[in-house]
Amino acid sequence: MRHFTSVHDIGDLKSALERARFVKENPFADKELGRDKTMLLIFFNSSLRTRLSTQRAAMNLGMNVIVLDVNQGAWKLETERGVVMDGDKSEHILEAIPVMGSYCDIIGVRSFAGLTDKSADYSENILSQFIKYSGKPVVSMEAATGHPLQAFADIITIEEHKKCARPKVVMTWAPHPKALPQAVPNSFAQWSAAAGYDVTVVQPHGYELSPEFTKGCKIEYNQDKALEGADFVYAKNWSVFDDANYGKVICKDMDWTVSEKKMALTNNAFFMHCLPVRRNMIVTDAVIESPQSIVIPEAANRVVSAQTVIKDILKTL
Ligand code: SN0
């Protein structure tokens, strides 16, 4: 693997899950692999889990790690070519990216969707410039349209908890006060379908995700009906993908909050969320604190997914 930006980069998912299992059971087996190698983590947006788990994963592999918050202390970056730079942006990304690439061996990038220009977001305009100009392998740490390290951790978690070969997995939209990207639900839909689960995506009308990512998933609009018999409930908010209302919030219906009443419709399902989660918007206190909530082991598996991916890349250097 050269770059890691989607499920297509990981190869056969079954063998990737086996590699992940090995990494989880033997976290320090490859400490020599990353010796004298440096991982640079670039954040254009906030992070807790991604920052810590990716750093931990690289350290487990013996790497040095440098973390940069672009918005805290670095020069403000221009990302559009051809602009007369007479405003507040001091440096162009076309210089910044190759410079950053020259300081490291692998580069991780977090750059959320702007949610105003759909074609810029869906062409991954920031991530693709890192791939083009850094000269180094690039790992997506949530880009505009996907969060593959999260989805890989989610699948690892489902494999650890499932009680049948092909569990029913329901990803449900839930209310949130802000407009959030489609990256996490896009990747979860894509990876869980690739894992061969019986996947349903349920959302209010107008919130349909890109069919490119929900291929192989059943699409529903009635949450109660979708939740019937679910083995896993994956809650997430996202903003509108459709052209007319791209990036907007068009529904805040609190009837979509995952509550004990909703969980009672399921097959005693496990509750999952990528975190951070808005309690009593996305999910009630009672559900997230219940024994069926696996949000903490899910987050812990972020080290495992990141370490598996970084190890695969290190092996090619
Ligand atoms: C991000 C998202 O893509 O939904 C990151 C998830 C891993 N979530 C948020 O930005 C939540 C922000 C908030 O205020 O709740």
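Just so we're clear, the structure is a prediction, and the values are computed from it rather than from any experiment.

Enquirer: Explain the overall build of the chain here, please?
Expert: Within the chain one finds twelve helices and eleven strands. Expected size for 317 residues packed as a compact globule is a radius of gyration near 20 Å; at 19 Å, the chain falls within 12% of this value. Over its C-alpha atoms, taken along the principal directions, the chain stretches across nearly 55 × 50 × 30 Å. A total of 317 residues make up the chain; the buried ones form 55% of that total. For the chain, the exposed area adds up to about 13,900 Å²; of that, 51% sits on carbon and sulfur atoms. Side-chain charges in the chain split into 36 positive and 38 negative, and the spacing between the mean points of these groups amounts to 3 Å.

Enquirer: I'm lost on the side chain of N186 in this one. Help?
Expert: Note that N186 resides in helix α7 (residues 183-194). For N186, a relative accessible area of 0% puts it in the buried group. Those residues in contact with N186, other than ones at most four positions away along the chain, are Y122, T145, L209, S210 and F213.

Enquirer: Just checking my understanding: could you explain the sheet that holds strand β5 (residues 106-110) for this structure?
Expert: Pairing between sheet strands relies on hydrogen bonds along the backbone, with the strands arranged either parallel or antiparallel. Strand order across the open sheet formed by four strands is β2-β1-β5-β6, with parallel pairing between neighbours. The sheet is open, and its two edges are formed by β2 (64-69) and β6 (138-140), each paired on a single side. Each neighbouring strand pair of the sheet contributes to a mean axis angle of 20 degrees, computed without reference to strand direction. Pairing between strand β1 (residues 38-43) and β5: five bridges, direction parallel. Of the residues in β5, the one forming a bridge with I42 is V109. Against the sheet, helix α2 (residues 49-60) makes contact with β1, β2 and β5, and its axis sits at roughly 175 degrees relative to β1, the strand it touches most. Relative to β6, helix α5 (residues 125-133) is tilted by about 160 degrees, and along the sheet it contacts β1, β5 and β6.

Enquirer: Help me out: how do you make sense of the pattern of salt bridges in this one?
Expert: Oppositely charged side chains may form a pair once their charged atoms are brought near each other. On inspection of all chains with the given rule, the structure shows 15 salt bridges. A salt bridge links D312 to R19, with the nearest nitrogen and oxygen atoms 2.8 Å apart. With a gap of 293 residues between them, D312 in helix α12 (residues 295-314) and R19 in helix α1 (residues 13-25) connect regions that are remote in the sequence. Residue class for D312 comes out buried when judged on its relative accessible area of 12%. Relative accessible area serves as the criterion here: at 27%, R19 is assigned to the partly exposed category. The residue D69 makes a salt bridge to R51 at a minimum N-O spacing of 2.9 Å. With a gap of 18 residues between them, D69 in strand β2 and R51 in helix α2 connect regions that are remote in the sequence. Here the salt bridges do not stand alone but share partners, grouping R279, D285 and E289 into one network.

Enquirer: Is there a simple way to think about the nonpolar core in this case?
Expert: What tends to happen in soluble globular proteins is that the nonpolar side chains get buried as a cluster. Counting residues in each nonpolar core, the largest one holds 72 residues, and the members touching the most others are I10, F152, W191, F271 and I310. Once residues within four sequence positions are removed from consideration, F152 is found in contact with I10, A16, L17, A20, W191, S305, T308 and V309. By size, the runner-up hydrophobic cluster in this structure holds 17 residues, among which are F44, V109, V138 and A143.

Enquirer: Help me understand unusual backbone geometry, please; the structure alone is not making it clear to me.
Expert: The phi angle of most residues is negative, glycine excepted, and most peptide bonds adopt the trans form. Put simply, L275 and P276 share a cis peptide bond, and its omega is 5 degrees. The residue P276 is located in the loop between β11 (270-272) and α11 (285-288) in this model. The backbone phi angle of E124 is positive, close to 50 degrees, even though this residue is not glycine. Relative to the helices and strands, E124 is located in the loop between α4 (118-122) and α5. Residue E124 is classed as buried on the basis of its relative accessible area of 15%. The phi dihedral of E142 is positive, around 90 degrees, even though this residue is not glycine. In this structure, E142 sits in the loop between β6 and α6 (148-161).

Enquirer: Please explain the environment of C251 as it appears in this structure.
Expert: By the secondary structure assignment, C251 is in the loop between β10 (232-236) and α10 (260-263). Linking C251 and A174, residues 77 residues apart in sequence, is a C-alpha distance of 9.4 Å. Among all residues touching C251, those that are not within four sequence positions of it are W173, P204 and Y207.

Enquirer: So what exactly am I meant to see when it comes to α7 here?
Expert: A turn of α-helix holds 3.6 residues, and therefore any two residues three or four places apart point the same way. Taking 1.5 Å of rise per residue, twelve residues should cover 16 Å, and α7 covers 16 Å from first to last C-alpha, within 8% of that figure. Within α7, ten of the twelve residues are buried, which leaves it mostly tucked inside the rest of the structure. Taken together, the buried positions of α7 are A183, V184, P185, N186, S187, F188, A189, Q190, W191 and S192. Downstream of α7 by one or two residues, G196 has phi in the positive range, about 90 degrees.

What counts, and where the lines are drawn
Residues numbered from 1 in each chain as written. Predicted model: local features only at pLDDT ≥ 70, side-chain atom pairs only at ≥ 80, totals over all residues. Heavy atoms only, no water. Helix = DSSP H or I, 4+ residues; strand = E, 2+ residues; numbered from the N terminus. Rg over C-alpha atoms; globule rule 2.2 N^0.38 Å. Buried < 20%, exposed > 50% of the residue type's maximum accessible area, 1.4 Å probe, protein only. Areas by Shrake-Rupley, 256 points an atom, 1.4 Å probe, with all protein chains shown as cover. Lys, Arg positive; Asp, Glu negative; His and termini not counted. Charge placed at Lys NZ, Arg CZ, Asp CG, Glu CD. Contact = heavy atoms within 4.5 Å. Pairing = 2+ DSSP bridges. Axes fitted to C-alpha atoms, helices over the stretch in contact; angles between N-to-C directions. Salt bridge = Lys/Arg side-chain N within 4 Å of Asp/Glu carboxyl O. Core = buried A, V, L, I, M, F, W, Y, C linked by side-chain atoms within 4.5 Å. Expected span 1.5 Å × (residues − 1).

Interpretation note: all reported values are geometric properties and have no functional meaning in isolation.
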